[in-house]
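Chains, contacts and geometry: an overview
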Amino acid sequence: MSVPVSLKYLFGYPEHLVGQVRELLEERRLGPLLLKKYPEVHGVRSDMALYEYVTELKARHLRNAEPLSKVAFDGKLQTIHNALGTHTTVARVQGGKLKTKREIRVANLFREAPPEFLRMIVVHELAHLKERQHDKAFYQLCCRMEPDYHQFEFDVRSWLCWLEATGEGIWAP
């Protein structure tokens, strides 16, 4: 049985890679392949646990970056902002001073995902604390924090294609 295939998450990747994902999707082998490659689900379940996870990674790689005031899973993120994670700077006037707070939100989708996928999205959002644009310096920073960043990003994008095509989760809650 063939699956309707949408590969919008792989836009910009070389055709030979996109073709491999398309073939795996059509044969319904992509999900089982990802499950075999990433068999475990991370243990970060609550917003507090996510905050601790993110601040530990930040302390290890970005000691001089501004502190984070909030880190949370967000159930509306993927549908409203069409994003898997966001970083925001909220500026407020308090008294006569302008105070800024940094926030990171991660799509709920990552609650039931392998640790590598969560680390990839967190590294991506942390890199935005130093580099605003998705340029060479940004991706170099991502790779410094997570050497396998590009592979994890490709696999996350492949997983999103699987979810869209089949509606089936890979990792059971």
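Conventions used here
- Residues numbered from 1 in each chain as written.
- Predicted model: local features only at pLDDT ≥ 70, side-chain atom pairs only at ≥ 80, totals over all residues.
- Heavy atoms only, no water.
- Helix = DSSP H or I, 4+ residues; strand = E, 2+ residues; numbered from the N terminus.
- Buried < 20%, exposed > 50% of the residue type's maximum accessible area, 1.4 Å probe, protein only.
- Contact = heavy atoms within 4.5 Å.
- Areas by Shrake-Rupley, 256 points an atom, 1.4 Å probe, with all protein chains shown as cover.
- Pairing = 2+ DSSP bridges.
- Axes fitted to C-alpha atoms, helices over the stretch in contact; angles between N-to-C directions.
- Left-handed = near helix turned anticlockwise from the far one by under 90°.
- Nonpolar A, V, L, I, M, F, W, Y, C, P; charged D, E, K, R; others polar.
- Core = buried A, V, L, I, M, F, W, Y, C linked by side-chain atoms within 4.5 Å.
- Expected span 1.5 Å × (residues − 1).
- Arc of directions from axis to C-beta.

**Looking at the overall build of the chain**
The secondary structure content of the chain amounts to 7 helices and 3 strands. In the chain, the order of α-helices and β-strands from amino to carboxyl end is α-α-α-β-α-β-β-α-α-α. Looking at the 173 residues of the chain, the share that counts as buried comes to 41%. Restricting the contact set of the chain to residue pairs at least 6 apart, pairs at least 24 apart contribute 65%. Carbon and sulfur atoms form 52% of the exposed surface of the chain, whose accessible area is close to 9700 Å².

**Section: the pairing of strand E1 (residues 68–74)**
Successive side chains on a regular strand alternate, one facing one side of the sheet and the next facing the other. Among the 7 residues of E1, 5 are classified as buried, and the element is accordingly described as predominantly covered. Where E1 lies against strand E3 (residues 97–107), 6 bridges are found, and the strand directions are parallel. Pairing of Lys70 across the sheet is with Glu103, part of E3.

**A word on the packing of helix H2 (residues 30–37) against helix H7 (residues 149–166)**
Following both chains from N to C, one finds H2 and H7 inclined at 145 degrees, their axes separated by 10 Å at the closest point. The handedness of the crossing between H2 and H7 comes out as left-handed. Residue-level contacts link Leu30, Gly31, Pro32, Leu34 and Lys37 of H2 to Gln151, Asp155, Ser158, Trp159 and Trp162 of H7. Among the residues forming the contact of H2 with H7, the class breakdown is 5 nonpolar, 3 polar and 2 charged.

**As for the nonpolar core**
Nonpolar side chains in soluble globular proteins tend to end up buried together. One finds Val106, Phe110, Leu126 and Trp159 to be the most contacted residues of the largest nonpolar core, which totals 49 residues. Secondary-structure elements contributing two or more residues to this core are helix H1 (15–26), H2, helix H3 (47–61), E1, E3, helix H5 (115–127), helix H6 (136–145) and H7. At 9 residues, the largest contribution of residues to this core is made by H7.

**Things to note about the environment of Tyr38**
With respect to the helices, strands and loops of the structure, Tyr38 is situated in the loop between H2 and H3. Its relative accessible area of 4% is what places Tyr38 among the buried residues. Taking the C-alpha atoms as reference points, Tyr38 and Pro115, 77 residues apart in sequence, are found 8.5 Å from one another.

**Comments concerning the environment of Leu33**
Mapped onto the elements of the fold, Leu33 is located in helix H2. Linking Leu33 and Ile170, residues 137 residues apart in sequence, is a C-alpha distance of 9.8 Å.

**Re unusual backbone geometry**
Trans is the common state for peptide bonds, and a negative phi is the common state for residues other than glycine. The backbone of Arg28 sits at a positive phi, close to 55 degrees, despite the residue not being glycine. You can see Arg28 is positioned in the loop between H1 and H2.

**Some details on H1**
The end-to-end C-alpha distance of H1 is 16 Å, a good match for the 16 Å that 12 residues give at a rise of 1.5 Å each. For H1, the full list of buried residues reads Val18, Val21, Leu24 and Leu25. In a view along the axis of H1, the buried residues occupy a sector of 125 degrees, so they form one face of it. Looking at H1, the residues exposed on the side facing more than 90 degrees away from the buried face are Glu15 and His16. Summarising the contacts, the buried residues of H1 are in contact with H2 and H7. Within two residues after H1, Arg28 carries a phi angle of roughly 55 degrees, on the positive side.

**A short note on H3**
For H3, which comprises 15 residues, the first-to-last C-alpha distance of 21 Å matches the rise-based estimate of 21 Å (1.5 Å per residue) to within 8%. Residues Leu50, Val54, Leu57, Lys58 and His61 constitute the buried set of H3. The buried residues of H3 occupy an angular sector of 100 degrees when projected down its axis, which confines them to one face. In this structure, the buried side of H3 is in contact with E1, E3, H5 and H6.

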